[in-house]
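# Observations on the three-dimensional arrangement
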Amino acid sequence: MKKFTVFLVLVSSVLIYTSCDELFGVSEEFGLSESQVAAGLKEALIVGTDTAVKRVSAEDGYYQDALIKILLPAEAQPVYDKVQTIPLLGSLVDQTVLAINRAAEDAADEAAPIFVDAIVDMTVVDAWGILQGSDTAATSYLRKSTFSNLFDAFQPKISTSLSKEIIPGISAEESYEKVINTYNSASINGLLFDEIKTNSLSEHTTNRALSGLFVKVADEEQLIREDPAYRATELIQTVFAEQD
């Protein structure tokens, strides 16, 4: 009985070792330990997120990028389409769109330390799963683990930016609120036409700013995975070379 028990323990040990080797056993396949692979992935993500943050935080990082440019809330667009037919008010709409994109650009640099903290805290299991995951597996991981903190960091700064005057006596936030509140009042509590629910420009801008940021993080992740020229260190090159 004792011999049989010892045998089971030995078999279990072999199975555990084998399963761990299959999961983390990059020593043979990669020539690296699991901790080195995790370190290489973390280096790559820090480089990629830093590049993405710098892109969107630059002037016109959002405003001149058609893919992530922030427009007014979709449900409010019909109102602004009518407003834009009036010369003076049309200019106000343009100034508001510029202001919300500038607000996003101003807030974007808040993302860098939040990304770094999330990457540093990543486990070896997380890193290995990301490495063998889809082309945007890391972006999905970061979105899930950082979105709440990013929102909390972005919104106050965006709100402050949107409180600045875009024309004498009126800010982007005030301009938007006045137009929407007037429109909603005219609807008689939605009886004549649907009310517009999005009456916070800062919340809308924050959500769109984060969506745009993660678009750029995904772009950087795909470049690092697919193009050796974007692998900034020797360790990153070694880790991702085995995935090519």
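Scroll up a little and you will see the structure.
Residue numbers run consecutively from 1 along every chain, following the written order of its sequence. In keeping with the predicted nature of the model, local features appear solely for residues at pLDDT of at least 70, side-chain atom pairs appear and are counted solely at 80 or more, and the whole-chain, interface and lining totals rest on all residues. Note that water and hydrogens are dropped before the side-chain values are worked out from all heavy atoms of the structure.

### Points about the pattern of salt bridges
Whenever Lys or Arg places a side-chain nitrogen within 4 Å of a carboxyl oxygen from Asp or Glu, that contact is recorded as a salt bridge. Tallied over the entire structure, the rule returns ten salt bridges. Arg55 is paired through a salt bridge with Glu220; the nearest N and O atoms lie 3.1 Å apart. Placement of the pair is Arg55 in helix 3 (residues 34-57) and Glu220 in helix 10 (residues 201-226), with a sequence separation of 165 residues. The exposure class of Arg55 is partly exposed, given its relative accessible area of 47%. One salt bridge in this structure joins Glu110 and Lys157, with 3.3 Å as the shortest N-O distance. Of this pair, Glu110 sits in the loop between helix 5 (87-107) and helix 6 (111-120) while Lys157 sits in helix 8 (residues 137-162); the two residues are 47 residues apart in sequence, bridging distant segments of the chain. Under the scheme applied here, a residue whose accessible area is under 20% of the maximum for its type counts as buried, over 50% as exposed, and between as partly exposed, the area being computed with a 1.4 Å probe on protein chains only. According to the relative accessible area criterion, Glu110 is partly exposed, its value standing at 29%. A run of H or I in DSSP counts as a helix once it spans at least four residues, and a run of E counts as a strand once it spans at least two, with each numbered from the N terminus.

### A look at a nonpolar patch on the surface
A residue counts toward a patch only above 30% relative accessible area and without a salt bridge, and it is joined to like-charged neighbours within 9 Å or, for Val, Leu, Ile, Met, Phe, Trp and Tyr, to nonpolar neighbours within 5 Å. Residue-level accessible areas treat just the shown protein chains as cover; the underlying method is Shrake-Rupley with a 1.4 Å probe. Judged by side-chain polarity, Ile46, Val116 and Val120 come together as a nonpolar surface patch covering roughly 210 Å² of accessible area. Inspection of the secondary structure assignment puts Val120 in helix 6.

### A word on empty space enclosed by the protein
Definitions used throughout: a 1 Å grid over protein atoms alone; a cavity as a set of points that fits a 1.4 Å probe which cannot get out; a pocket as an open set with protein on both sides within 12 Å along at least five of seven lines; a lining residue as one with an atom within 4 Å of a point. Grid points are joined across faces, edges and corners, and a volume is the space filled by probe spheres set on the points. Across all of its chains, the model carries two cavities of 30 Å³ or more by this definition. Estimates place the volume of the largest cavity at around 50 Å³. Along the walls of the largest cavity sit Leu41, Ala44, Leu45, Ile130, Ala138, Glu221, Ile224, Arg225 and Phe240, which together make up its complete lining. Taken together, the elements giving at least two residues each to the lining of the largest cavity come down to helix 3 and helix 10. In the scheme used here, Gly and all other residues not listed as nonpolar or charged are polar, with Ala, Val, Leu, Ile, Met, Phe, Trp, Tyr, Cys and Pro taken as nonpolar and Asp, Glu, Lys and Arg as charged. Tallied by class, residues from the lining of the largest cavity come to seven nonpolar, no polar and two charged. In this structure, the second largest cavity spans a volume of roughly 40 Å³. Breaking the lining of the second largest cavity down by element, the ones donating at least two residues are helix 3 and helix 10. Its residues placed into classes, the lining of the second largest cavity shows four nonpolar, two polar and two charged.

### Regarding the packing of aromatic side chains
The criterion for an aromatic pair is that two Phe, Tyr or Trp rings (for Trp, the six-membered ring) have centres within 6.5 Å, with stacked assigned to planes under 30 degrees apart, edge-to-face to planes over 60 apart and tilted to the rest. Following the criterion strictly, the structure yields one aromatic pair and no others. Ring geometry for Phe115 against Phe214: centres 5.8 Å apart, planes inclined by 80 degrees, an arrangement best described as edge-to-face. Here Phe214 lies in helix 10 and Phe115 lies in helix 6, a separation of 99 residues in the sequence. When sorted by exposure, Phe115 lands in the same class as Phe214, which is buried. It is Lys69 that lies over the ring of Tyr63; its NZ or CZ is 4.6 Å from the centre. Counting as a charge over the ring demands two things of the Lys NZ or Arg CZ atom: a distance within 6 Å of the ring centre and an angle within 35 degrees of the ring normal.

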